[in-house]
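# A closer look at the structure
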Amino acid sequence: MKRLQLFSVVAISAALLSCSQVPLTGRSQLSLVDDAVLREQANQAYQQFLSDPSTRVISSGTNAQRVRTVGNKLASAINRYMQANGYGDKYNYNYQFTLVDSKEINAWCMPGGKVAVYAGILPVTQNDAGLATVMGHEIAHAIAQHAAERYSQMTLAQGGGAIVGAAVGGRSEGTQQIVGQLYGLGGQLALLKYSRNQESEADRLGLIFMAMAGYNPDNAVAFWQRMAAAKEGNGAPPEFLSSHPSDATRIAAIQNLLPEARQFYKGGRTAAN
């Protein structure tokens with residue numbers, strides 16, 4: 001019993017001492033993982049993914065250039081905002097944007113800004129604004145450090161000595177194991193599913209990020225409507241929607257978030273220009 005009480009004290013102390021805030025939303029989150037080391041290991045995992053024989057990278061052509069152009073606009077605007085608003089270099093990611101030859105309707109961003117867009121989602125994005133909606137949403141997961149938060153939550157819930165190890169962080173071998181659990185290596189990455197609250201937060205931040213980059217956030221509504229149609233047409237949700245279905249509730253929530261995002265598109269609080 002005493003050992004259980006001691007463990008509880010250690011776990012609670014680690015949690016209290018390991019909290020951070022999500023940029024712009026201000027939400028407090030649990031953070032038991034060394035972010036810098038996690039980003040380093042995520043970069044290695046990303047390079048492994050790109051070099052895997054089953055991963056077909058599209059490096060040239062209009063679509064590949066579009067992915068890079070939209071991604072770089074988002075990255076530049078986000079970096080400028082973070083620097084101008086006192087976040088320093090913490091979110092000054094070394095972004096990389098890759099188009100993957102796959103019919104899968106999917107996109108993702110690893111810690112540190114390593115982004116993959118699957119060609120199967122391009123008919124749904126249709127244009128630069130639609131692509132900015134997708135990429136802004138995925139980059140938002142990285143900026144909000146949702147992967148590290150999810151791992152921290154699972155670690156705390158499971159208990160055991162891993163809590164203390166994760167809390168002190170910084171050891172390459174341990175972080176490699178974390179990345180291995182968050183992202184399956186191989187031809188297709190099996191990404192950790194985010195919670196619905198995190199998906200909603202990524203929706204909010206994604207709208208702001210696309211607005212910062214000069215894309216009208218109002219266009220996001222049409223994109224999510226097309227995603228809803230893609231879901232219905234396939235009979236099952238695309239992988240991109242597996243943890244947060246694109247339905248009327250989500251679209252309504254996004255519409256309610258537009259007034260805030262518009263401030264970053266037409267002046268107000270925007271620091272992207």
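A brief report on the enclosed structure follows. (Residues numbered from 1 in each chain as written. Predicted model: local features only at pLDDT ≥ 70, side-chain atom pairs only at ≥ 80, totals over all residues. Heavy atoms only, no water.)

## Focus on the packing of helix H5 (residues 128-143) against helix H9 (residues 196-212)
Two quantities define a packed helix pair, namely the angle between the axes and the distance from one axis to the other. What counts, and what does not: For helices, the axis comes from a line fit to the C-alpha atoms of the stretch in contact; other axes are also lines fit to C-alpha atoms, and the angle between any two N-to-C directions lies between 0 and 180 degrees. In DSSP terms, a helix is any run of H or I states spanning at least four residues, a strand is any run of E spanning at least two, and both are numbered starting from the N terminus. The labels follow the angle: roughly parallel below 35 degrees, roughly antiparallel above 145, roughly perpendicular from 65 to 115, and oblique for the rest. Here is the rule for handedness: rotate from the far helix to the near one, and if that takes an anticlockwise turn smaller than a right angle the crossing is left-handed, while a clockwise turn gives right-handed. For this analysis, residues touch if any pair of their heavy atoms sits within 4.5 Å. Residues are grouped as follows: Ala, Val, Leu, Ile, Met, Phe, Trp, Tyr, Cys and Pro are nonpolar; Asp, Glu, Lys and Arg are charged; all remaining types, including Gly, are polar.
Two numbers describe how H5 lies on H9: the axes approach to 7 Å, and their chain directions differ by 125°. It follows that H5 is oblique to H9 by the angle criterion. Crossing of H5 against H9: the hand is right-handed. Listed contacts from H9 to Ala129, Ala132, Thr133, Gly136, His137, Ala140, His141 and Ile143 of H5 are Gln198, Glu199, Ala202, Asp203, Leu205, Gly206, Phe209 and Met210. Across the contact of H5 with H9, the residue classes break down as eight nonpolar, six polar and two charged.

## Quick notes on the pairing of strand S6 (residues 114-118)
Selection rule: Note on classification: 1.4 Å probe, protein chains only; a residue is buried when its accessible area is under 20% of the maximum for its type, exposed when over 50%, partly exposed between these limits. A pair of strands is treated as paired once DSSP finds two or more bridges between them.
Judged by how many residues are buried, S6 sits mostly within the fold: five of five residues are covered. Where strand S5 (residues 107-110) meets S6, four bridges bridge the pair, whose relative direction is antiparallel. Bridging from a neighbouring strand, Trp108 pairs with Ala116 of S6. The hairpin turn running from S5 into S6, its antiparallel successor, is three residues long, and Gly112 in that turn takes a positive phi close to 90°.

## Details of empty space enclosed by the protein
The cut-off we apply is this: As defined here, a cavity is a set of points on a 1 Å grid over the protein atoms alone where a 1.4 Å probe fits but cannot get out. A pocket is an open set with protein on both sides within 12 Å along at least five of seven lines, and residues line them when an atom is within 4 Å of a point. Grid points are joined across faces, edges and corners, and a volume is the space filled by probe spheres set on the points.
Under the counting rule described, the total for this entry stands at two cavities of 30 Å³ or more. Taken as a whole, the largest cavity encloses approximately 70 Å³ of empty space. Its boundaries defined by the atoms lining it, the second largest cavity holds a volume of some 50 Å³. Forming the boundary of the second largest cavity are Thr133, His137, Ala202, Asp203, Gly206, Leu207, Ala220, Trp224 and Ile254. The leading source of residues in the lining of the second largest cavity is H9, at four residues. Here the lining of the second largest cavity is composed, by residue class, of five nonpolar, three polar and one charged.

## A closer look at unusual backbone geometry
Even without being glycine, Leu24 reaches a positive phi, approximately 70°. Considering the arrangement of structural elements, one finds Leu24 in the loop between strand S1 (19-21) and strand S2 (28-30). On the basis of relative accessibility, which here comes to 22%, the residue Leu24 falls in the partly exposed class. One non-glycine residue, Gln145, lies in the positive phi region at around 55°. Tracing the sequence through the fold places Gln145 in the loop between H5 and helix H6 (146-158).

## Regarding H9
As a reminder of what qualifies: By this rule the span expected of a helix is its residue count minus one, scaled by 1.5 Å.
For H9, built from 17 residues, the straight-helix expectation of 24 Å at 1.5 Å per residue is met to within 8% by its first-to-last C-alpha distance of 24 Å. Of all the 17 residues making up H9, 13 are buried; the element is thus mostly covered by neighbouring parts of the structure. Of the residues flanking the end of H9, it is Gly214, one or two places downstream, whose phi is positive at about 95°.

## Some thoughts on the nonpolar core
Put simply, the test is: Only buried residues count toward a nonpolar core. Its members are Ala, Val, Leu, Ile, Met, Phe, Trp, Tyr and Cys residues joined through side-chain atoms within 4.5 Å.
In terms of nonpolar packing, the biggest core is built from 54 residues, with Val117, Met135, Ile139, Ile143 and Phe209 touching the most fellow members. Dropping the residues within four chain positions of it, Ile139 is found in contact with Leu74, Ile78, Tyr95, Phe97, Cys109 and Val115.

## Comments concerning the environment of Asp218
Secondary-structure assignment places Asp218 in the loop between H9 and helix H10 (219-234). Placed 89 residues apart in sequence, Asp218 and Ala129 show a C-alpha to C-alpha distance of 9.3 Å. Once you skip the residues sitting within four places of it in the chain, Asp218 turns out to touch Leu258 and Arg262.

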